[in-house]
Amino acid sequence: MVGRRAVLSAAAVALLLAGCTNGGHGEDEATQKDTAGTSSGTAGSPTASGSASASPSASSRPYTLAEAAAPKTRAEAVAFVRGLTVQPDYFGTGYRRRDPYELGPTSWAVLGEDCLWRREALPSTVLASLTRSFVRPGTDGTGAVYVSLTVTVHTSTLQARRDMASSLDEPLRCPQERLNATDTVQKMTSRGDPFDEQRNATTDDDLTEFGQYVVDGDAKPRRFDWFKHRLGPVTVAATVRHAAGESDEEQTALTDAALTGVGYVTADVDRYSRDRASATPSATASTAPSATPSTEVKGAGDE
């Protein structure tokens, strides 16, 4: 666990569910869907980049990335997102890289006017966006669970805040969002909280959504979770597509484990900011996180 501020517990998830209002989710829903399959990567234990010792102690300060320390060019932003370690077991046991594994870093998913998610080139307000996808194969009569995590570097904190606001608007204009040729997200409930609100004890801002995704031909909807955190000009977002046949207890455990994985990454971003702030001028030339860069390279497909 990365401390109270980095990980939402199951109890916190229950509070979020109890307080949900209509809202929206961002670009990362579409990155998760139509690239089914598994990968050959093996899971290791979380590295020091995600350990409690690497994160700031619980205090009144959120995890954040100072705009002055953030990447300023596309090349710097690409190095930054690739340098963040994201291991399969950040999200729980049994996960491995999905095939294809990476999506980006020069494109992202956009919800069109027709309510279909598509990959598009990055706008001028975004420097880089990288998604890594994972799967936990089905066992004992339950299906596979799919998790994706996307880190996006915006040109400024203002642009990142606008992206968060846009995410809240999406389900209002699209009550049903088509993820790909076979999957639809619906009945999403959400909330957004800045750090100074009681429900957010982690980052500058966060959005949380829960709802359903429906696969054509399947009679029973499955649970869909979506989380998005802002740290200065950077957003960290994750989706969880639950398996058919899960119990309520299993759903809660999977959601909580996914939030733990998000916590590891937000702690890494925060440490990068603190390292940059304390570095000498000669040391600030490096734009990759100080933790050992991940050896994983991604390549997820279009939605």
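Draft legend 1. Looking closely at the overall build of the chain. Within the chain, the secondary structure is distributed over four helices and 10 strands. A burial count over the chain gives 55% of its 303 residues as buried. Relative to all contacts within the chain whose residues are 6 or more apart in sequence, the contacts with residues 24 or more apart total 74%. In the structure as shown, the chain presents an accessible area of about 11900 Å², 52% of it carried by carbon and sulfur atoms.

Draft legend 2. Up close: the packing of aromatic side chains. Under the definition given, this model contains six aromatic pairs. With centroids separated by 4.7 Å and ring planes inclined at 55°, the aromatic side chains of Tyr-90 and Tyr-264 adopt a geometry described as tilted. With Tyr-90 in the loop between helix 2 (74-83) and strand 1 (96-103) and Tyr-264 in helix 4 (residues 248-278), this pair connects stretches of sequence that are 174 residues apart. Tyr-264 matches Tyr-90 in its accessibility class, with the two residues each being buried. Aromatic pair Phe-210 and Phe-227: ring centres 6.0 Å apart, planes at 80°, arrangement edge-to-face. Here the residue Phe-210 occupies a position in strand 8 (residues 205-215), and Phe-227 occupies one in strand 9 (residues 222-231), the gap between them amounting to 17 residues. Note on accessibility: Phe-210 and Phe-227 belong to one class, buried. Each member of the aromatic cluster is reached from another via a ring pair, and the members are Phe-91, Tyr-101 and Phe-134. Its guanidinium or amino end placed over the ring of Tyr-101, Arg-97 lies 5.2 Å from that ring's centre, counting from NZ or CZ.

Analysis parameters
- Residues numbered from 1 in each chain as written.
- Predicted model: local features only at pLDDT ≥ 70, side-chain atom pairs only at ≥ 80, totals over all residues.
- Heavy atoms only, no water.
- Helix = DSSP H or I, 4+ residues; strand = E, 2+ residues; numbered from the N terminus.
- Buried < 20%, exposed > 50% of the residue type's maximum accessible area, 1.4 Å probe, protein only.
- Contact = heavy atoms within 4.5 Å.
- Areas by Shrake-Rupley, 256 points an atom, 1.4 Å probe, with all protein chains shown as cover.
- Phe/Tyr/Trp six-rings, centres within 6.5 Å; stacked < 30°, edge-to-face > 60°.
- Lys NZ or Arg CZ within 6 Å of the ring centre and 35° of its normal.

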